[in-house]
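# Coordinate inspection notes
Here's the letter readout for the chains.
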Amino acid sequence: VKVSGKINNKKDGVYYLTYKVKGPFITVSTKRKVEVKDIERPVITLEGGNETYICPNSKYKELGYKASDNIDGDLTKKVKITEKENEVIYEVEDKAHNKTEAKRTVKMVRRDSPGTIYLTFDDGPNYGTTNVILDILKEENVKATFFVTGKGPDELIKREYDEGHTVALHTFSHNYQTVYQSVDAYFNDLTKVHDRVASITGYDSRIIRFPGGSSNTISRHYQEGIMTTLTKEVIEKGYYYYDWNISSGDAGEYKDSRSIINQVTRNLSKERTNMVLMHDIKTYTRDALREIIKYGKENGYHFDKITPGTKMIRQKVNN
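Residues numbered from 1 in each chain as written. Predicted model: local features only at pLDDT ≥ 70, side-chain atom pairs only at ≥ 80, totals over all residues. Heavy atoms only, no water.

On to the packing of helix 1 (residues 130-140) against helix 2 (residues 154-162). Remark: helix 1 packs on helix 2, axes separated minimally by 10 Å, with the N-to-C direction vectors making an angle of 15°. Classed by the angle they form, the pair helix 1 and helix 2 counts as roughly parallel. Here helix 1 runs over helix 2; the crossing is left-handed. Packed against helix 1, whose contacting residues are Thr130, Asn131, Leu134 and Asp135, the element helix 2 presents Leu156, Arg159 and Glu160 at the interface. Of the residues that constitute the contact of helix 1 with helix 2, the class distribution is two nonpolar, two polar and three charged. (Axes fitted to C-alpha atoms, helices over the stretch in contact; angles between N-to-C directions. Helix = DSSP H or I, 4+ residues; strand = E, 2+ residues; numbered from the N terminus. Parallel < 35°, antiparallel > 145°, perpendicular 65-115°, else oblique. Left-handed = near helix turned anticlockwise from the far one by under 90°. Contact = heavy atoms within 4.5 Å. Nonpolar A, V, L, I, M, F, W, Y, C, P; charged D, E, K, R; others polar.)

Put into structure tokens, the structure is as follows:
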């Protein structure tokens with residue numbers, strides 16, 4: 001069989017292919033009509049996710065977007081945006097009149113009330129501690145926030161998410177030299193832990209905590225001024241970063257549950273929100289948790305998890 005004719009699959013039109021079979025006494029041919037038409041719609045990608053939060057009396061700030069088409073290429077400049085009360089609508093059309101629409105939901109949230117306790121756990125997950133912490137939280141009907149890494153079992157991250165806690169991003173490597181050698185290195189590390197959480201939960205987590213916190217000085221050893229840059233760029237990229245105003249001391253200062261209980265409870269205040277730094281890889285933190293929750297409940301505090309609408313607790317940047 002001989003086939004003749006050409007198809008330009010990059011240009012709309014009608015094309016014909018001719019098929020010929022030559023026998024000893026006769027030649028038979030037939031034609032196939034091929035119509036090339038662009039029917040694939042453009043793609044709109046919303047930076048910062050399809051859901052965002054603002055506080056009352058605040059204005060919506062666009063987080064960014066991109067649009068592309070298989071034929072026309074970059075269509076970002078042709079995107080039309082319509083802002084409504086609770087959503088932002090993005091529309092774009094390619095040259096073949098294929099249209100795409102994307103929506104971002106804008107949720108209004110209250111400002112945090114004084115007397116709220118945010119239990120936050122870094123560096124997990126870890127068998128033997130995180131799973132027990134989850135058991136305690138479930139029994140006490142308390143929600144918390146877990147700033148996870150690239151280590152530990154996937155199933156514990158899945159359990160954190162399924163049981164209604166906030167799965168937030170800490171760092172994939174937790175290696176300061178790796179993370180803070182450059183701005184690009186930081187975001188490469190952050191993307192890895194973000195993608196891990198997304199693959200396990202399907203959730204586009206945008207809540208982060210810097211390794212060492214935003215006030216860390218160890219980053220000076222690797223890149224002068226990097227925290228000043230990063231604290232601005234993460235916000236521009238649609239992330240929300242949270243430090244703490246109460247440290248449990250479990251990162252090295254204390255190594256027994258009673259000291260951790262005392263450290264947390266004596267620093268709680270009903271005049272503010274209380275962002276408590278803990279580590280769910282520590283056995284003594286695990287053993288202190290129930291007493292901390294009990295103290296909070298008995299003394300009129302209430303517990304909550306961090307959401308993108310939670311007011312950011314931020315320390316002074318020192319690099």
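Attention now goes to a nonpolar patch on the surface. Where nonpolar side chains cluster on the molecular surface, the patch consists of Val1, Val3, Val21, Phe25, Ile26 and Val28 and spans about 690 Å² of accessible area. Mapped onto the elements, valine 1 comes out in the segment before strand 1 (2-4). Taking relative accessible area as the criterion, valine 1 reaches 75% and is therefore assigned exposed. (Patch = residues over 30% accessible without salt bridge, like charges linked within 9 Å, V, L, I, M, F, W, Y side chains within 5 Å. Areas by Shrake-Rupley, 256 points an atom, 1.4 Å probe, with all protein chains shown as cover. Salt bridge = Lys/Arg side-chain N within 4 Å of Asp/Glu carboxyl O. Buried < 20%, exposed > 50% of the residue type's maximum accessible area, 1.4 Å probe, protein only.)

Here we take up the sheet that holds strand 7 (residues 73-74). An order of 4-6-7 is seen for the three strands of this open sheet, with the pairing classed as antiparallel. Every other strand in the sheet has two partners, leaving strand 4 (43-46) and strand 7 as the edge strands with one partner each. Sheet analysis places strand 4 next to strand 6 (residues 65-69), joined by four bridges and oriented antiparallel. Considered in strand 6, the bridge of leucine 46 is made with tyrosine 65. (Pairing = 2+ DSSP bridges.)

Now for the nonpolar core. In this structure, Leu119, Leu137, Tyr186, Ile208 and Phe210 are the most contacted members of the largest nonpolar core, which totals 46 residues. The leading source of residues in this core is helix 4 (residues 183-201), at six residues. Discounting chain neighbours no more than four positions away, the residues touching tyrosine 186 are Val179, Tyr180, Ile208, Phe210, Pro211, Leu230 and Val234. In this structure, Ile44, Leu46, Ile54 and Tyr90 belong to the second largest nonpolar core, which totals twelve residues. (Core = buried A, V, L, I, M, F, W, Y, C linked by side-chain atoms within 4.5 Å.)

Think of it this way: side chains of opposite charge can pair up when their charged atoms draw near. Applying the stated criterion across every chain yields a total of twelve salt bridges. Between glutamate 139 and arginine 290 there is a salt bridge, and its shortest N-O distance comes to 2.7 Å. In this pair, glutamate 139 sits in helix 1 while arginine 290 sits in helix 7 (residues 283-298), placing the two residues 151 residues apart along the sequence. For the salt bridge of lysine 297 with glutamate 140, the shortest nitrogen-to-oxygen distance reads 2.9 Å. A residue pair is termed long-range when its members are at least 10 positions apart, and lysine 297 in helix 7 and glutamate 140 in helix 1 qualify at 157 residues.

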